[in-house]
Amino acid sequence: MEQRLRAICEAGGAFLRSDALAVGYDDRTIARMVKYDVWHRIRWGAYTFEDIWASADARERHRITCRAVVRAARAPVVLSHTSAVLEYTDTFWGLDLADVHVTRLDGRTGRAEAGVRQHRGIVMPGDVSGSGELPVMSPDRAALELTTVTDTESALVSINAMLNTGVVDLEDMLRRYESMVTWPHSLKTGLVLRRADGRLESAGESRSDHLFWFQDLPRPIPQFPIHDASGRLVARLDFAWPALRVWVEFDGVGKYTKHLRPGETTSDAVMREKRREDLVRELTGWICIRITWADLQHPARTAARIRAAFAQQRAA
């Protein structure tokens, strides 16, 4: 019995009460499995195994819940907004994952339900992708929908990631945006699209770029190439102001842990990054400002550091 339910979880993320009854469990046994932490109740009538839930991160837990909601839905629905975006990227920041977002395909107004936000909208041909078991809004529509349910900074983190991996195309989204200007809560969508940049490679870089804009700093060039005297590419800088002779590197944890080279330790990675910075400074005479996740919590103070570097270079 367990193997059959695990197979359902592997295929669809969760199993329903009806699945458990079909393989021989009864309601009393279901309650006992939940009580003793063998199963995890995702929502009423939907479950997964506790070990699966315990090992899942926030995104994966949301995706499991999405599958439970779609399977149990009494009307035809498609994953949309935040929930659809998380099917296309694992890069996000600041998104509210408390509710599953679905759009009804029958054109009717969605009913209020705990943990589920049902949207009503016109679904055009080509808007729905994914399999019949898990219909998902197309990447470009999901990205545009995201801007209507979250703030600009959070939307940019995921949309930039989708652009960077080629999941969406900015020109396609701009054309699609022309038909959604009357959508509710879409006033900031145009701003997001004007700020979106697929050259930004991480959530930290997207948030840094948003900080520069919000603090009224000149817009830098992302992934700026640096070559030595022979023309060899020696570095790509996260952000550069060539005319002001300043660059910024965002130091996320992954730079020194997740992206280690074969046989490299964290200390090796730190030293490699230091040598790279020294080389760039020798070649350009520019000032490097390093910022971290903690610095993003203090945007005015971080912007002041960058402005001070601008002033120092102008005075040199």
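The shown structure was predicted, so the numbers you read here are calculated from the model rather than taken from an experiment. (Residues numbered from 1 in each chain as written. Predicted model: local features only at pLDDT ≥ 70, side-chain atom pairs only at ≥ 80, totals over all residues. Heavy atoms only, no water.)

> Before we go on, may I ask you to explain the packing of helix α7 (residues 139-146) against helix α8 (residues 152-164) in this structure?
The packing of two helices is summarised by the inter-axis angle and the distance between the axes. Where α7 meets α8, the axes come as close as 9 Å, and the angle between the chain directions of the two elements is 165°. As judged from the angle between their axes, α7 and α8 are roughly antiparallel. For the crossing formed where α7 meets α8, the hand is left-handed. Where α7 abuts α8, its residues Pro139, Ala143 and Leu146 lie against Ala155, Ser158, Ile159 and Met162. (Axes fitted to C-alpha atoms, helices over the stretch in contact; angles between N-to-C directions. Helix = DSSP H or I, 4+ residues; strand = E, 2+ residues; numbered from the N terminus. Parallel < 35°, antiparallel > 145°, perpendicular 65-115°, else oblique. Left-handed = near helix turned anticlockwise from the far one by under 90°. Contact = heavy atoms within 4.5 Å.)

> Please clarify how the pattern of salt bridges should be interpreted in this entry.
A side chain of one charge can pair with a side chain of the opposite charge when the charged atoms of the two come close. Counted under the stated rule, the structure contains 25 salt bridges. A salt bridge links Arg141 to Glu145; the nearest nitrogen and oxygen atoms lie 2.9 Å apart. Taken together, the residues span about one helical turn, with Arg141 and Glu145 both in helix α7 at a distance of 4 residues. Both residues of the pair, Arg141 and Glu145, count as buried. (Salt bridge = Lys/Arg side-chain N within 4 Å of Asp/Glu carboxyl O. Buried < 20%, exposed > 50% of the residue type's maximum accessible area, 1.4 Å probe, protein only.)

> Explain the side chain of Asp209 to me, please; I cannot follow it from the model alone.
Position of Asp209 among the secondary structure elements: in helix α11 (residues 203-214). Classification of Asp209 by relative accessible area gives buried; the value is 4%. In this structure Asp209 touches Arg195, Leu200, Arg219, Pro220 and Phe239, once residues within four positions along its chain are discounted.

> Which parts of the structure should I look at to understand the packing of aromatic side chains?
The relative placement of two aromatic rings is captured by the distance of their centres and the angle of their planes. Under the criterion given, the structure shown has 12 aromatic pairs. Residues Phe15 and Phe49 carry aromatic rings whose centres are separated by 5.7 Å and whose planes lie at 55° to one another, so their mutual orientation is tilted. With a gap of 34 residues between them, Phe15 in strand β1 (residues 15-16) and Phe49 in strand β3 (residues 46-49) connect regions that are remote in the sequence. Both residues of the pair, Phe15 and Phe49, count as buried. Where Phe224 meets Trp286, the ring centres are 5.8 Å apart and the plane angle is 45°; that geometry is what we call tilted. Highlighted residues: Phe224 in strand β9 (residues 221-227) and Trp286 in the loop between α12 (266-284) and β12 (287-291), separated in sequence by 62 residues. Take Phe224: its relative accessible area is 18%, and that puts it in the buried class. Among the aromatic residues, ring-to-ring pairing joins Phe15, Tyr25, Trp39, Tyr47 and Phe49 into one connected group. Above the ring of Phe49, the side-chain terminus of Arg6 is found at 4.0 Å from the ring centroid. (Phe/Tyr/Trp six-rings, centres within 6.5 Å; stacked < 30°, edge-to-face > 60°. Lys NZ or Arg CZ within 6 Å of the ring centre and 35° of its normal.)

> Whenever I open this one, unusual backbone geometry confuses me. Can you help?
Trans peptide bonds make up most of the peptide bonds, and negative phi angles are found at most residues other than glycine. Of note in this structure, Asp216 is not a glycine but carries a positive phi near 60°. Mapped onto the fold, Asp216 is located in the loop between α11 and β9. Backbone geometry places Arg245, a non-glycine residue, at a positive phi of 60°. Classification of Arg245 by relative accessible area gives partly exposed; the value is 29%.

> For this particular structure, what's the right way to read the sheet that holds β1?
The strands making up a sheet are joined through hydrogen bonds of the backbone, oriented either antiparallel or parallel. Taken in spatial order, the 3 strands make up an open sheet running β1-β3-β2, and their pairing is antiparallel. In this open sheet, the two edge strands, each paired with only one partner strand, are β1 and β2 (39-43). Alignment of β1 against β3, held across 2 bridges, turns out to be antiparallel. Across the sheet, the residue bridging to Phe15 is Tyr47, located in β3. (Pairing = 2+ DSSP bridges.)

These results come straight from atomic positions and should not be treated as a statement about function.
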